[in-house]
Amino acid sequence: ALPLLTYTLKMSLMRTVIIGLIVSAAVLTCGCYETTLSLGSAADAKVDAAYCGDWLLGGDSSAKPSTLIIRDFDGHQYYVELSDNSSPDKPDRMSGFIVKIKSADFAQLTTLDKKAAASHLILRVGIKDGKLSLRQLDKNFFDGVTTDAALHQKLEENIDNPKMYEGEEQLATRNEEK
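Residues numbered from 1 in each chain as written. Predicted model: local features only at pLDDT ≥ 70, side-chain atom pairs only at ≥ 80, totals over all residues. Heavy atoms only, no water.

A word on the overall build of the chain. Helices and strands together make up the secondary structure of the chain, namely 3 helices and 9 strands. Here the chain holds 178 residues, and the buried ones make up 47% of them. Counted over contacts in the chain with a minimum sequence separation of 6, partners at least 24 positions apart contribute 57%. As displayed, the chain offers around 9300 Å² of accessible surface, 53% of which is attributable to carbon and sulfur atoms. (Helix = DSSP H or I, 4+ residues; strand = E, 2+ residues; numbered from the N terminus. Buried < 20%, exposed > 50% of the residue type's maximum accessible area, 1.4 Å probe, protein only. Contact = heavy atoms within 4.5 Å. Areas by Shrake-Rupley, 256 points an atom, 1.4 Å probe, with all protein chains shown as cover.)

Take a look at the structure:
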C-alpha cells in the first residue's frame, strides 16, 4: 500500500480508538513522519496555485486510484482532502501549508478532526511535468530532533539524502474528469 494511504487508514482508525494509544501504535507501523514540531507559520506561507486541483493517486489497471483534493484555503493554507479508494465516503480532511527549504517544498499537514492528536504530517512535495510529487519522510531519521529550528536544519542539510525519505516518490496525476 502507498504510504500516504497508510496514513489515511491510520487517521480513520484514530477516530474510533483511544487517541493516545493509537497514535503511538500507528507511528510505529507507518514510516511517515508525524511530529508536534512545526516547519513555520501558516501566516507566513503563500499558496502556490500549481498544487491546487483534483488529483488521482495510486491505483493501477486493477485498482481504483485514491482522490486527493487540494484547494486554496485562505491564500496561506491549503484545504486537503484524501479519499481512500476503499472508503471514499470517509475522507481525511486536513489543512496545510508549504515551506520552501533550499530548492525543495515541504508540506505540513494537520488533520481537521478535532478528536485527533495535535501532530502534523510532514512530507516533501513538488510539481514535476504536471504531476504532483509526494515523498514521505522516514520518521526514524528524525530521532533526537526536538525543536522547530533543529527540524528545519535537518531538512536543509539532508535535502538530497535518500536516507531521509521513506519509500519511493509517489506521483499523482490531475483528475481531468473534474
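Another aspect to go through is the nonpolar core. Ranked by internal contacts, the top residues of the largest apolar core, which has 21 residues, are Leu-68, Tyr-78, Leu-123, Val-125, Leu-132 and Leu-134. Contributions of two or more residues to this core are made by strand S2 (53-57), strand S3 (66-72), strand S4 (78-83), strand S5 (92-101), strand S6 (104-111), strand S7 (120-128) and strand S8 (131-136). (Core = buried A, V, L, I, M, F, W, Y, C linked by side-chain atoms within 4.5 Å.)

Where strand S1 (residues 33-35) meets S7, 3 bridges bridge the pair, whose relative direction is antiparallel. Of the residues in S7, the one forming a bridge with Thr-35 is His-120. Judged from the 5 bridges that link them, S6 and S7 form a sheet pairing that is antiparallel. Opposite Ala-107, over in S7, you have Leu-123 as the bridge partner. Sheet topology note: the S7/S8 ladder contains 6 bridges and is antiparallel. Residue pairing across strands places Val-125 opposite Leu-134, the latter belonging to S8. Counted between consecutive antiparallel strands, the loop separating S7 from S8 contains 2 residues, among which Asp-129 sits at a positive phi close to 50°. (Pairing = 2+ DSSP bridges.)

Now for the packing of aromatic side chains. For the coordinates displayed, the defined rule picks out 3 aromatic pairs. Joined through ring pairs, the aromatic side chains of Tyr-33, Phe-141 and Phe-142 make up one cluster. Of note, Lys-154 hangs over the ring of Phe-141, and the distance from its end group to the ring centre comes to 4.6 Å. (Phe/Tyr/Trp six-rings, centres within 6.5 Å; stacked < 30°, edge-to-face > 60°. Lys NZ or Arg CZ within 6 Å of the ring centre and 35° of its normal.)

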